[in-house]
Each structure stands twice: as C-alpha cells, then as structure tokens.
Amino acid sequence: MEIPYTSSARPDTGLYNAKLGIWLFLASEVMLFGALFSAYVLLRVGAPEGFWPHGWLSVTLGTVNTLILALSAITTLLAWVACKVGDYRKFKIFHACTLLLALSFLCVKSYEYHDKWIHYEIHLKDGRIADGHLEEQDDQTVTIMGRIIPGDQEQLLYDLRSQKTIPRDEIKLDRSNILKMENYGPRHNTFTAIYFTMTGLHALHIIGGCLVIGFLWGPGSRMWKKDHERFTNRIEVSGLFWHFVDLVWIFLFPVLYLT
Amino acid sequence: MENTVKQFPPFREAPTHADHGHEHDEHHDHAHDHAGHDEHHEPGWFSKYVFSTDHKVIGIQYGLMALLFMLFGFGLMILMRWQIANPAKPVPFLGPLLEKVLGQVASHGVISPELYNSFGAMHGTIMVFLGVVPLAFAAFGNYVVPLMIGAPDMTFPRVNMASFHAFFLGGVVMLVSFFIPGGAAQAGWTSYSPLATTIPTNGQAFWLVGMVLLITSSLLGAVNFIATIIQLRAPGMTWMRLPFFVWAQFVTAFILLLAFPPLEAAGLLQLMDNVAHTSFFLPTGLAVGGRLADISGGGSPLLWQHLFWFLGHPEVYVLILPAMGIVCEVIVNNTRKPVWGYKSLVYSVLFVGFLSFIVWAHHMYMTGMGQKIATFFQATTMIISIPSVIILTCLFISLWGGSIRFNTPMLFALAFLPMFGIGGLTGLPLGLAPADLYLHDTYYIIAHFHYVVAPGTIFGLFAGVYYWYPKMTGRMMNEFWGRVHFWCSFVFMNIVFMPMFLQGIKGMLRRMSDGAANYSAARVPGAIDTLPDSIIHLNHFILWAAVALGVAQIPFIINVFWSIGHGEKVASDNPWKSTTLEWQTPTPPPHGNFKVEPQIARGPYEYSVPGAATDFTPQNAPADKKATAAH
Amino acid sequence: MSESKSVDIKSTVRLCGVVLFVIACTTAMMIKISFLPFGWPLKVTFILGVAAVNAFLVASYLMHLLTEKKMVFIVGFFTVCFFISLMGLTLWAMQDFPVGTTH
C-alpha cells in the first residue's frame, strides 16, 4: 500500500498531506516567534523610563528590506501560479527573482549588523561617554566618528529620535583614558540583545527558505517532468513557508524600527 | 440503516502501476511488497535498521533508545539516593569508577554537591525528554497509530526518520555533557536563570543545544502524527470510530506542536545569555560571588520561568495522555466489553489538551504573584482536574461487569488507575496557592509528580510493552516473569515514593545533596521545626526500596530480549483477540502494513456484542445488521 | 490539485500589483505615524494595527488563507488563542504583584 493524498486532496479535509503539514509547522513557528515577541514586550515594558532605545536602527534600510521581502513574496506566488498553468520558464524566472531578492535582503541585513558591530560606546575615566563608529585603532589610541557627552546625560544615547541633529566629529581618544569600551552587540543592552536574536533567527529562516527554494529551483526541478502536479504542490508549500517569513518581518519591522 | 463507506472511494484495491504512473510514491525508496512482486532491491543493513523510513522500525528505534536512557536515568537516581541516605560517604562498588571517569567532582568516590546537582538536573531531563516522551509518544505512537487507523505508514516517513535522528543527536549531546570540564548541567531540569547562566560550566550550553535538538525532533514528530491521523485514516474510520489511544496521541501531538516552541525560543535566549553574554534573564545589579556581574542587566528571571512553564505544564500532559490511551486499550481488551463513556473520554481529552495551556503559573506561586493572577491560575488548575477525573472514572467504570483477564498487561493497567489517582489527588493541594506556598519545592512535590509518572505513566508503558510485544515479534513475553516484574515494581514503587509525602509535609526540601542532614534535629538540637530522625531515617528505607526496584527491572530486561528467540509463539495474528486494527495485520506487519486498504464500518470496541458469533468483532470486519452505528 | 479554481498569470499579477501597492502605502503610513508627536502607547497601537492589516493582506491573498479549508482555520484559531494566552497572561503576571514588594 502506498501513502495516499500526497498529491490529491483528501475529500473530507480538502487538503493534500504536505499542505496540512506546512500549516501545522507554521503554527509552531507562530508560537516560536510569538514567544520572542512576548519576551520583547516584557523586556520593553520592564525597562526603566527613558532607557529604551529609539531610533538606533535605520528606518530607510528597514523600509527597503520590507519592500524587498514583499516583492519576493509576490514573485513566490507568481512562481507557483506559473507552475499551475504549466509555464516552466516563467516559474524559473520568478523563483530566480525570489532568490535574488532574498540575497539582497541578507546583504542589507549584514550591512546593518556591521554598522552596529563597529558602533562603540566608550566610557572615559573622567566620567564622560564617547559614542560613535570606529574609524581606526592601535595600541595607543582609538579614533571614532561620533560625539562625547557628559556622564550624567546618558539618556541622550537612547532616544535618538527626539534629537534634531546629532553631531558627528572625528574624535581621537587615548587608551589610557578609557574605562570601558563596548560595541552595540547583543550584550550591550536588552534592545540589541532582542534585536540581534529576533532578526538573527528571522535571517536563519530566510537562509533556510533560500536553501529549500534553491533546491527546488535547481536539482529538485527534475520532478517537473516526472510528476508536475506534485512538484507544483512542493512549490506551493515552500511558498507558504516563504510568505510566513515575510509575515514575521511585517511585524518585526514596525516593532523594532518604528516604535 | 446500514453504514456505508461511500464517501471515500477506495483509492486502490490491489497495488497496480497501471494508470497511476505519475503518482509513484518516492517515499518508499526501499523494498516493499507489492502483492508478491519484489521490484526493488533488498536494502542494506544501514537502510533497513539505521536509516529506515518505516514507522515500525522507527518506533522500535525510539523504544530501545528510550528504554536505555531510562535505565541510565534510573542509575543516576540510585547514585543520588545513596548520597541522600549517606551524605559524604563514598559510593560502594561504583565509587572508584566514578572518580576515574569524572575526576575531581567524585574524588574518593564521594558524590560532591556539584555532581549531585548535575545528577539531579540530568536525571530529570533524561527521564522526561529522553525517556518517557520518546517511549510513550514517539515509540508507541509511531508503531501503533498508523496500524490502528489503517494507514500504510506515517504521512511523512522521511521527516519521521529525521525526527529520530535529531532525538538521537540530542541524546548524544546530553550524555557528552557529563564529560566536559565543569560537568553536565547543574541548574535542575528547569534550568532557572540566573543560576543557569552563572554556573561555571559549559554543561548548561550543552543542555540548551541538546534541548533544541530534542524539541526539533518532537516538533517534526508532532506534525507527522497530526497529519497522519487527520489525513490517513482508512475509509470509514471516522473520528468517533478511532480507538481512544489514537485520540490521546492526537491531543499529545497538538500539545507538543504548540507548547514546545516557546521553550525553544527561551532556550535560544538562555543560550545567548550563556554564550553571547546578553541579559535576557539577568536582572540589573546581579552579583555573582560577591561581585557585580559584567552584564548589561535589564532582563527578567521571571520571563524564563513563564516561557519554561508554558511548555513545562503541557509537557506533563504529554507524559500522561499516551499512557492513559494504552491503559484504555488494555482494559477494554481484557474486560471483553466496550469502554464506558467513549464520548466523555474523547471530549475530556480534548478539553484537557486545551486547558493544559493556561494553567502553567501554578508552578510559580512562590514568585510573588498578585492575587488576581494567582486566582486565575488556581481556577484553571482546579478546572483541569475535572476532565482528568472523568477519564479515570470512565476507565474505572469500564471494569464493572467485565469478564476480566488478569494477564501482565492488565495487571499494569489496573495498577495505573489507583496510582494515577494518588498522584492526581495529591496534586490538588499543590494547585491551590495557600497550600502550595508551604509544599512547594518539598519532597511532597517529588512524591506527587513521581506517582503520576512512575507508577502512573511508566506502568502504562510497561502494559504497552507486554501488550504489543506479540505483534512486534510474534512471540509472547514470559507470563510468570511478567507477574514477578509487576508485583515487585508495584510494591517497591510505593515504598520508594509514599514516604516522600510525609517527608515533604514535615518540611524536607528538595534538591539538597546532603539529604537534609543540615536541617535535622540531630545536627542542630534544640532548634525549632528541624526534621526529626524518623524523617531522615526514611532516606535509608527509600534507598533500599529503590535498589530493590532496580533489581525488579532485571527480569523485565531479560524477558524482553529472551522472549524474542524463546518466547511462546503466538497462535494467531491476534493472540489477545482484540478488535482494533493493528491486530488485523500479519505478524509482524509488513512494509505498507495492509495488503488491501481496510474498509471500516464499525466502532473500535465491539466486544461481547449480543448475537455476534464471537465475543469480539474486528474493526475492519464487513458491516452487517449487528454493526454499531458511527456515534 | 488543492483547489479547483482556475488560475492564470495575468490576473494574479494584477492582484499582486495591488497587494504590493497597498503594502508600500501601509509601510509609509506606519513610518509617518511613528514620527508624529503623540505618546508612545497610542503610536504603538496604531502602528501595530496597520501592521496587522498588512499581515492580513499577505495571509489572505498571498497565502490564499481566505479560500483555505476548515481544518487549516481550526489549527490557526487554536494557535492564535494560545499565542494570546502566552503573551497576555505573562504580561498580566508581570504587572500583578502585591503592592510594595518590588521597586
């Protein structure tokens, strides 16, 4: 006996196996990201007044990424439609676009990560705080492009949105004056922690989705000749995963970038 | 009105490739029977036994691994009980070996507090995630569920294989953690922050990585089970004709699917805390070893607890529901009558599954909760006891008027009922915050949950092993040694755990490596409310009972392996004369299970139907005037 | 075949164009709202509301959830219930504690 309903729909549920399977999996993913969003809300609500960052992330880049991902969701749908109508060439084109868009998303994300990685907050021995992007450093000195603020005005570093202009000058510091130097990595504060974790996990899902769609675009597309109905279903199912990844970003973007 | 199966046109009478060429299923990439045609080459040993995609092989793989892990977890417990009864004394026989293998933490054969803590944490983790869940859900579920619903295999056989291998890897990671410098995880199976992040060992990180692998395995398994039960039921197998075991596994799978991911998320966050030095769960101002920790702070230890227990509580229903399913099957079969209250059972198990998601904070009454939220969780906790009691009651009432056969599986199933009753009833005071404030983290809790899982679930699982063994191997397990195993286990389980209720009520706290010697009247005479000698002395009593319990498992282990070659051969494919579908297959079932797709027209428990020729009618027997309507 | 409705590329492209346009507009709307001089609780509510509309569009049209089968809805319904319990009850628990016991 062979496993039924791999391509055809079961009459009472109206679903073929993989479709039910992917929706079940997506349900578990909703709980996964839901837990992370709950953690975000809790950490934010629990943060002391004035110490939750605003404006640390580039809204422009975030918007570009949002549009890239939305477009890729559309090309994914169109790839599936192309399969449905039997247009193999169009399917190849659309999913190639999906993959390229996904890669661009990851490139933009890497640039954003890099930006945080070279952004340093330096506590000086005299109590002031220097903050900016690292230009160069050696054993003696550290040069950043940023500003120095008095120690008691640390909140200026958090709410960037409310400050009309933020001065950016080249500042050279002597290492002997530096008490502590830390970049805007995950350990810097809970915002960067949750930002890197959530976008990192999301990026891992993008990579996973790319691998699956890439496989189906490449070696897996052999199934088109043998069983195009089943292949179309695979495109649909992987497309649903991809749309879910887009859905997560639709919430990630406003939550992290805009609020 | 006769029942028909018209809504499902039989999709395939006998396997032919005539006009279904393009529906060739690629899942079966190794040999399977096609009405006698063996078109594919015989698979190698690795494909057949290690990388199999057949649900029965995977079920047995899970079963054997789980039993091994349970034995290991049991061993950890014996070592702990030794330390509790004889604090700071070298372990007899195994002491030198421990020292050799583990080094400093077991110097002179004495279990140090750090080692005790790691044994405690790993005993819990291994028993729950590597022992009971894989055995109850993955092993029995994988083997039996497709057979019971008339399916050829699971919906996604390769995902099934992947899920086993993820489980295996997770187990390897957990075991390896014992041998790294610093040792295994030591912060309890609950891995509370900030302790879990500040302990100077990488064992916690290993634990988290192991947990992520195990959770992934469970998630893949859950998707498979749910899809299989929804999509692959044979024609005529309506929802209300499913054996209760399938319902139990269905709800269990849903719980795993939706409750595990928050723990995976939390595990990821705690891993970030451990490795990337974030402060998700570390509060501002945390001091470690008298010094301010170099962290950003701003985190919340309570957040970990909420995310952990969001899984943690549904997890205990994952532990118990499959066992309840097994017990139901065994009782029905050995009373020769249908289960009492099938509909109540089904609705109760669905209700339990749903409610289990909103009771979790009853594990957190001690965290300074406000009255309103505590009241909410007390209410849901009390309510969830209702469907649990309904299930137990239905199983009890099913015995009434039955023609009871007292074979080994039935003995275990019968013992399950009062044992789970004790476990469940002792949970009631724990569900009420005022009583829990006193009893929390005492031995009362240990006794409560062990009663539910040990003489509860594990007895159910033993019943399952004895019951389905003939189907898997074609031989019966030895009945005499089965009864020896049962009676010894039953007696010694109770001797081990019953005294712990008393110890807990008297105030003995858990996770104390010296067996509460520091709080004993002997150590601090004259202090108020110390533990009297009688309570401390119980530790010796419990240790010997635990050793005896271990010895009682030896006949079982021997029986399992010896009976494969020497057990009494079954006289038929259905030695227990059961109605459910798994017994209507050849022994053992071939790849693909059913030569012809079963057509179902009956309920699952047609025993002793008045006017029928025999006292049982298999579920796939053709419909006739005496068939029960689909209810 | 999962659905028996007829699909063709042209009408889907048109639909996609509309969806993309709406997503772009809603994104712009969210950005505008975030820069308005209101208090954060109000802004967050609006922004998340708009994001929910966005999500609804993606789910309904791109994932064709609108025409999906009952079984999928049931799974989705329970998932949403449990997600809300997770977030809601956890937040409630963190807010509700005896007065004067913490800073």
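So, how was this worked out
- Residues numbered from 1 in each chain as written.
- Chains lettered and ligands numbered in written order.
- Predicted model: local features only at pLDDT ≥ 70, side-chain atom pairs only at ≥ 80, totals over all residues.
- Helix = DSSP H or I, 4+ residues; strand = E, 2+ residues; numbered from the N terminus.
- Rg over C-alpha atoms; globule rule 2.2 N^0.38 Å.
- Buried ≥ 20, exposed ≤ 12 C-beta atoms within 10 Å, placed from the backbone.
- Contact = placed C-beta atoms within 7 Å.
- Nonpolar A, V, L, I, M, F, W, Y, C, P; charged D, E, K, R; others polar.
- Pairing = 2+ DSSP bridges.
- Axes fitted to C-alpha atoms, helices over the stretch in contact; angles between N-to-C directions.
- pLDDT = per-residue confidence, 0-100.
- Parallel < 35°, antiparallel > 145°, perpendicular 65-115°, else oblique.
- Expected span 1.5 Å × (residues − 1).
- Bend = angle between axes of the 7 residues up to and from the residue.

**Points about the overall build of chain B**
Moving on, step 1. The number of helices and strands found in chain B is 16 helices and 2 strands.
Moving on, step 2. The C-alpha radius of gyration of chain B comes to 25 Å, within 12% of the 25 Å expected for a compact globule of 631 residues.
Moving on, step 3. Its C-alpha atoms give chain B principal-axis dimensions of about 80 × 55 × 55 Å.
Moving on, step 4. By the burial criterion, 54% of the 631 residues in chain B qualify as buried.
Moving on, step 5. In chain B, the proportion of contacts linking residues at least 24 apart, taken out of those at least 6 apart, comes to 78%.

**Regarding the overall build of chain C**
Moving on, step 1. Scanning chain C from terminus to terminus reveals 3 helices and 0 strands.
Moving on, step 2. Reading the helices (α) and strands (β) of chain C from amino to carboxyl end gives α-α-α.
Moving on, step 3. Taking 103 residues into account, the globule formula puts the C-alpha radius of gyration at 13 Å, and chain C, at 20 Å, lies well above it.
Moving on, step 4. Judged by the C-alpha coordinates and their principal axes, chain C covers about 65 × 40 × 10 Å.
Moving on, step 5. Residue burial in chain C is summarised as follows: out of 103 residues, 24% are buried.

**Examining the environment of W56 of chain A**
Moving on, step 1. One can find W56 of chain A in the loop between helix 1 (17–46) and helix 2 (59–84).
Moving on, step 2. In sequence terms W56 of chain A and L160 of chain A are 104 residues apart; their C-alpha atoms lie 6.8 Å from each other.

**Some remarks on the interface of chain A and chain C**
Moving on, step 1. Facing 47 residues of chain A, the contacting portion of chain C comprises 41 residues.
Moving on, step 2. Counting residues per element, the ones that place at least two in the side of chain A that touches chain C are helix 1, helix 2 and helix 6 (228–258) of chain A.
Moving on, step 3. It is helix 1 of chain A that contributes the most residues to the side of chain A that touches chain C, 14 residues altogether.
Moving on, step 4. Residue composition of the side of chain A that touches chain C, by class: 30 nonpolar, 10 polar and 7 charged.

**Some details on the interface of chain A and chain B**
Moving on, step 1. With 36 residues of chain A in contact, the opposing surface of chain B contributes 45 residues.
Moving on, step 2. Elements supplying a minimum of two residues to the side of chain A that touches chain B: helix 1 and helix 4 (190–217) of chain A.
Moving on, step 3. With 15 residues, the single largest contributor to the side of chain A that touches chain B is helix 1 of chain A.
Moving on, step 4. Split by residue class, the side of chain A that touches chain B holds 20 nonpolar, 11 polar and 5 charged.

**Side note on the sheet that holds strand 2 (residues 129–137) of chain A**
Each strand in a sheet pairs with its neighbour through backbone hydrogen bonds, running either in the same direction (parallel) or in the opposite one (antiparallel).
Residue and element names in this part refer to chain A.
Moving on, step 1. Taken together, the 5 strands give an open sheet; going across it, the order is 4-3-2-1-5, and neighbouring strands pair in antiparallel fashion. The strands lining the two open edges of the sheet, one partner per strand, are strand 4 (169–174) and strand 5 (178–183). Adjacent strand axes in the sheet meet at a mean angle of 40°, parallel and antiparallel pairs treated alike.
Moving on, step 2. Alignment of strand 1 (residues 119–124) against strand 5, held across 5 bridges, turns out to be antiparallel. For H123, the partnering residue across the bridge sits in strand 5 and is K180.

**Some thoughts on the confidence of the model for chain C**
All names here are of chain C.
Moving on, step 1. In this model, chain C carries an average pLDDT of 83, and 91% of its residues clear a pLDDT of 70 or more.
Moving on, step 2. Across chain C, helix 3 (residues 70–95) holds the top mean pLDDT of 89, while helix 2 (residues 40–62) sits lowest at 86.
Moving on, step 3. Counting interchain partners and residues more than four positions distant, the pLDDT-below-50 stretch residues 1–5 has 9 contacts.
Moving on, step 4. Across the assembled chains, the prediction reports ipTM 0.95 with pTM 0.92.

**A short note on the packing of helix 8 (residues 244–275) of chain B against helix 10 (residues 342–355) of chain B**
Residue and element names in this part refer to chain B.
Moving on, step 1. Relative orientation of the contacting elements helix 8 and helix 10 amounts to 10°, with a least axis distance of 9 Å. On the basis of the axis angle, helix 8 is roughly parallel to helix 10. Every residue of helix 10 that contacts helix 8 at F244, W247, A248, V251, F254 and I255 is listed here: L345, V346, V349, L350 and G353.
Moving on, step 2. Here the contact of helix 8 with helix 10 is built from residues that sort into 10 nonpolar, 1 polar and no charged.

**A short note on the confidence of the model for chain B**
All names here are of chain B.
Moving on, step 1. With 92% of its residues at a pLDDT of 70 or more, chain B has an overall mean of 90.
Moving on, step 2. The low-confidence segment residues 1–39 (pLDDT under 50) makes 52 contacts with residues lying over four places distant or belonging to another chain.
Moving on, step 3. When the criterion is pLDDT under 50, residues 627–631 qualifies, and its contacts beyond four places in sequence or with other chains add up to 13 contacts.

**Regarding helix 6 of chain A**
Residues and elements named next belong to chain A.
Moving on, step 1. Relative to the 45 Å expected for 31 residues at 1.5 Å per residue, helix 6 spans 43 Å between its end C-alpha atoms, a close match to the ideal helical length.
Moving on, step 2. When the local axis directions of helix 6 are compared, the greatest deviation, roughly 25°, occurs at L252, which is followed within four positions by the proline P254.
Moving on, step 3. Counting buried residues in helix 6 gives 27 out of 31 residues, a clear majority hidden from the surface.

**Let's talk about the environment of G141 of chain B**
Residues and elements named next belong to chain B.
Moving on, step 1. Counting through the fold element by element, G141 comes out in helix 4 (residues 113–149).
Moving on, step 2. Residue G141 is classed as buried on the basis of its 32 C-beta neighbours within 10 Å.
Moving on, step 3. Separated by 289 residues in the primary sequence, G141 and L430 place their C-alpha atoms 31 Å from one another.
Moving on, step 4. Discounting residues that sit within four places of it in the chain, G141 has contacts with F225, Q249 and P322.

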